[in-house]
Amino acid sequence: MYEIYTVMPNDTLEIIATKYNVDPAFLYKLNNFNPSTILTSGTNIIVPNYKNQYFDYYTIQKGDSLYSIANQYQTSATTLAELNGLNINDYIYPNQTIMVPKKEVGIYITKENDTINSLTNKTNQPLNVLLNNNPAIYLLPDQIIAYKQ
C-alpha cells in the first residue's frame, strides 16, 4: 500500500527514506527518479504506507508547538524534530502531518560512526530485538531505530 507525501523544505529523498525506514533506492525506483533528481518543496511523491506499530501520525492544529505535542506524547521536542527532519526552531503549520512515537516506544536516531554494538548499548536492547523491530539497519546517519521500552 502507498500514500502521497508532500515534500517539505530541506527534504531530500534520503531524509524521506529515513522517515519511512526504507532504502533510498526503493524511493528512487518507486517514483521513477534518478540519483540526480532534485526535489522541490510542494512536490508530491509516492511513499510506502506501512501500518506501523511504533508511530502514529499527528496533524498540527493552530497553536501547537513541537514542545506541546512532545508533552502530549511523552517524548521530547528534539526527538519529534529529528524524527520529522525538522530543526527544533522550525515553524510548524496547521494541517501539516508529523510522525509521533507511540507510547512505550523508544526512538534512536543514528549518528555517524554508530555500530551495531553501540546501538545495543544506546538503546539497551538485545541485537535480535533491534533486528526484529527494524526491517533494515543501514548504520547511516539519521536512520530511525525504533524499539519497545
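To keep things clear, this report deals only with the structure shown in the data block. Just so you know, these numbers come straight off a predicted model, no measurement behind them.

**Focus on the environment of Glu3**
Here's step 1: Considering the arrangement of structural elements, one finds Glu3 in strand β1 (residues 2-6).
Here's step 2: The exposure class of Glu3 is partly exposed, given its relative accessible area of 22%.
Here's step 3: Distance in space between the C-alpha atoms of Glu3 and Gln72 is 26 Å, their sequence separation being 69 residues.

**Topic: the environment of Phe55**
Here's step 1: Note that Phe55 resides in strand β3 (residues 55-59).
Here's step 2: Sequence-wise, Phe55 and Gln96 are 41 residues apart; in three dimensions their C-alpha atoms are separated by 16 Å.
Here's step 3: Setting aside its immediate chain neighbours within four residues, Phe55 contacts Leu83, Met99, Val100, Pro101, Lys102, Ile107, Ile144 and Ala146.

**Overview of unusual backbone geometry**
Backbone geometry follows two general trends: most residues other than glycine have a negative phi, and most peptide bonds adopt the trans configuration.
Here's step 1: The backbone of Asn32 shows a phi angle near 55 degrees, a positive value even though the residue is not glycine.
Here's step 2: Within the element layout of this structure, Asn32 appears in the loop between α2 (24-30) and β2 (44-48).
Here's step 3: Here Asn32 falls in the exposed class, since its relative accessible area comes to 72%.
Here's step 4: Positive phi is not limited to glycine here, since Gln74 has a value of about 55 degrees.
Here's step 5: Within the secondary structure layout, Gln74 lies in the loop between α3 (66-72) and α4 (77-83).
Here's step 6: A residue is classified by how much of its surface remains accessible, and Gln74, at 64% relative accessible area, is exposed.

**Brief notes about the pattern of salt bridges**
Here's step 1: Under the counting rule described, the total for this entry stands at two salt bridges.
Here's step 2: A salt bridge links Lys102 to Asp56; the nearest nitrogen and oxygen atoms lie 3.8 Å apart. Pair noted here: Lys102 is in the loop between β4 (97-101) and β5 (105-109) and Asp56 is in strand β3, with a separation of 46 residues, a long-range link.
Here's step 3: Taking the relative accessible area as the measure of exposure, Lys102 reaches 27% and is therefore partly exposed.
Here's step 4: A salt bridge links Lys122 to Asp114, with the shortest nitrogen-to-oxygen separation between them at 2.8 Å.

Definitions and limits used
Residues numbered from 1 in each chain as written. Predicted model: local features only at pLDDT ≥ 70, side-chain atom pairs only at ≥ 80, totals over all residues. Heavy atoms only, no water. Helix = DSSP H or I, 4+ residues; strand = E, 2+ residues; numbered from the N terminus. Buried < 20%, exposed > 50% of the residue type's maximum accessible area, 1.4 Å probe, protein only. Contact = heavy atoms within 4.5 Å. Salt bridge = Lys/Arg side-chain N within 4 Å of Asp/Glu carboxyl O.

Distances and angles like these do not, on their own, reveal function.
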